[in-house]
Amino acid sequence: MASKSTAKSKASSTKPSSPRSPPTKTNYTWYFLAFLPVIVLAISSYLLKNTISSPPSDFGSGSMFDQIAPRYDFINRALALNLDMAWRRRLVKEVVGANGELFHQQPNVKILDLATGTADVAILLGKAAEKYATTESPSKDSVLGLDPSYNMLDVGKSKVQQENLSSVVTLKLGDARKLDSFQDNSFDAATMSFGIRNVPEKHLALCEIHRVLKNTENSKLAIMEFSEPDENSGILGSLARVFIRHIVPSLGAMLSGAPKEYMHLQKSIKDFPSPKDFVHLMETLRCPIKSKSDKEEWEAGTFGSFRVKEVVNLNFGSVQIYVGNPILKQLVTE
């Protein structure tokens with residue numbers, strides 16, 4: 001009996017397998033549908049680069065953002081794969097501290113959020129002010145958000161009201177290069193997320209920020225910005241670079257109906273200094289300093305700059321947070 005069953009099993013094991021059926025029409029359809037988004041984005045990227053003229057470097061003004069304000073938040077979430085709010089929360093944490101240390105150092109802390117856009121960062125700062133402020137309630141204008149786009153601010157004001165933060169967060173029209181309405185040493189901290197690359201005269205904006213920040217060791221500036229990962233960033237960094245160069249402008253154009261605006265986004269990221277070069281720019285600034293004895297005169301031999309204490313890399317090297325303090329330097333001559 002055992003030998004018969006063994007022979008039977010051998011016979012069954014040597015039985016030739018049936019040939020595989022050829023791919024059906026249905027299989028080919030699924031293959032096509034799977035690759036269709038890639039094909040569409042590739043064609044869209046080609047058409048964008050060959051039919052839309054490249055925008056100038058100063059294209060990222062308030063009027064440009066006025067055009068895309070209604071769908072800005074939705075497109076941001078889509079392009080960043082819903083990671084951008086986590087990046088913004090990290091920015092706020094770098095400024096206020098893990099346990100709100102910024103608010104414990106002194107009462108009535110004032111924070112300036114530049115390029116506030118639709119107020120995502122300003123709202124997070126406002127929530128931190130409510131949570132950590134040492135007084136019973138945060139003072140009016142604890143967080144002031146400035147942006148050159150009226151339409152972006154309009155969206156932001158609605159969001160601030162929905163969060164019941166109107167008593168803490170104020171939004172105003174303004175340009176980071178011209179903060180004339182603020183006195184020197186007015187703010188304890190300043191933030192700027194994804195805005196500095198749209199400023200042609202970056203040194204002017206940085207020097208204005210330096211002027212309005214308090215000249216103390218506790219004052220902070222935190223700037224978050226995109227950059228293209230370099231060739232040493234590995235496979236994931238290379239994928240992020242392809243995503244920024246090709247997917248972002250194509251997908252942004254399709255979702256917004258504003259192709260030139262999202263071509264500018266890709267171009268502004270490509271043209272932005274590398275993290276090393278941007279740190280160098282911040283630390284080699286020579287911002288003029290007003291004389292303490294005569295506010296109409298400039299302090300001879302003294303200039304303002306920043307000391308960058310940390311650069312936080314996020315998203316495989318495509319997003320950086322630059323954290324620094326305003327400092328004064330003496331001009332050394334031989």
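None of the values given here were measured: they were computed from a predicted structure.

Participant: For this particular structure, what's the right way to read helix 12 (residues 275-283)?
Facilitator: Residue pairs spaced three or four apart in an α-helix point in one direction, given the helix's 3.6 residues per turn. Within the span of helix 12, buried status applies to F278, V279 and M282. Buried residues of helix 12 fall within an arc of 100 degrees about the axis and therefore sit on the same side. Within helix 12, the exposed residues directed more than 90 degrees away from the buried face are K276 and H280.

Participant: Whenever I open this one, the state of the cysteines confuses me. Can you help?
Facilitator: Put plainly, a disulfide is one covalent bond tying together the sulfur atoms of two cysteines. All chains considered together, the criterion is met by one disulfide. With a sulfur-sulfur separation of 2.1 Å, C207 is cross-linked through a disulfide to C287. Disulfide C207-C287: the torsion about the S-S bond is -80 degrees, which places it as left-handed. Note that C207 is positioned in helix 9 (residues 202-212) and C287 in strand 6 (residues 287-290), a separation of 80 residues in sequence. Neither residue differs from the other here; C207 and C287 are each classed as buried.

Participant: I'm lost on the packing of aromatic side chains in this one. Help?
Facilitator: Aromatic rings considered in pairs are described by the distance between their centres and by the relative angle of their planes. For the coordinates displayed, the defined rule picks out seven aromatic pairs. When the centroid spacing of 6.3 Å and the interplanar angle of 65 degrees are considered together, the rings of W87 and F194 count as edge-to-face. Here F194 lies in the loop between strand 4 (189-193) and helix 9 and W87 lies in helix 5 (residues 84-96), a separation of 107 residues in the sequence. You can call F194 buried: its relative accessible area is 9%.

Participant: When you look at the packing of helix 4 (residues 72-79) against helix 10 (residues 234-256) in this model, what are you seeing that I'm missing?
Facilitator: Packed helices, taken two at a time, are described by the angle their axes make and the gap between the axes. It is at 10 Å that the axes of helix 4 and helix 10 come closest, and there the two elements cross at 145 degrees. The hand of the helix 4/helix 10 crossing is right-handed. For the pair helix 4 and helix 10, contact is made by F74, I75, A78 and L79 and by F243, V248, L251, G252, L255 and S256, respectively. When the residues that make up the contact of helix 4 with helix 10 are grouped by side-chain class, the tally is eight nonpolar, two polar and no charged.

Participant: Would you take a moment to explain the nonpolar core for this structure?
Facilitator: Counting 52 residues, the largest nonpolar core has W87, V96, F103, I111 and V169 as the members making the most contacts within it. The element that contributes the greatest number of residues to this core is helix 7 (residues 120-132), accounting for eight residues. Excluding anything up to four places from it in sequence, F103 contacts V96, V109, I111, L125, A128, A129, Y132, A133 and T134. Counting 29 residues, the second largest nonpolar core, distinct from the first, contains A176, L206, I209 and L285.

Participant: What exactly am I supposed to notice about the packing of helix 5 against helix 7 here?
Facilitator: Running from amino to carboxyl end, helix 5 crosses helix 7 at an angle of 45 degrees, the nearest separation of the two axes being 10 Å. Considered as vectors, helix 5 and helix 7 are oriented oblique to each other. Crossing angle aside, the handedness with which helix 5 passes helix 7 is right-handed. Here M85, R88, R89, L91, V92 and V96 of helix 5 come into contact with helix 7, specifically with D120, V121, L124, L125 and A128. Residues belonging to the contact of helix 5 with helix 7 are distributed by class as follows: eight nonpolar, no polar and three charged.

Parameters at a glance
Starting afresh in each chain, residues are numbered from 1 along the sequence in its written order. Only residues with pLDDT of at least 70 get local features here, since the model is predicted, and only at 80 or more are side-chain atom pairs given and counted; chain-wide, interface and lining totals rely on the full set of residues. Each side-chain value is worked out from all heavy atoms of the structure, with water and hydrogens disregarded. Type-normalised accessible area, obtained with a 1.4 Å probe on protein chains alone, sets the label of each residue: buried when under 20%, exposed when over 50%, and partly exposed for intermediate values. Only DSSP runs of H or I covering at least 4 residues are called helices, and only runs of E covering at least 2 are called strands; the numbering of each starts at the N terminus. As used here, the arc belongs to the directions running from the helix axis to the C-beta atoms. Throughout, disulfides are identified as pairs of cysteine sulfur atoms within 2.5 Å of each other. Any two rings among Phe, Tyr and Trp, with Trp reduced to its six-membered ring, count as a pair given centres within 6.5 Å; such a pair is stacked if its planes are under 30 degrees apart, edge-to-face if over 60, and tilted if neither. Here an angle of 0 to 180 degrees is reported between the N-to-C directions of two axes, which are lines fitted to C-alpha atoms, with helices fitted over the stretch in contact. Two helices crossing with the near one rotated counterclockwise from the far one by less than a right angle form a left-handed crossing, whereas a clockwise rotation gives a right-handed crossing. The contact criterion used is simple: two residues touch if any of their non-hydrogen atoms lie within 4.5 Å. In the scheme used here, Gly and all other residues not listed as nonpolar or charged are polar, with Ala, Val, Leu, Ile, Met, Phe, Trp, Tyr, Cys and Pro taken as nonpolar and Asp, Glu, Lys and Arg as charged. Here, the term nonpolar core denotes a set of buried Ala, Val, Leu, Ile, Met, Phe, Trp, Tyr and Cys residues that are joined through side-chain atoms within 4.5 Å. Here roughly perpendicular refers to angles of 65 to 115 degrees, roughly parallel to angles under 35, roughly antiparallel to angles over 145, and oblique to all remaining angles.

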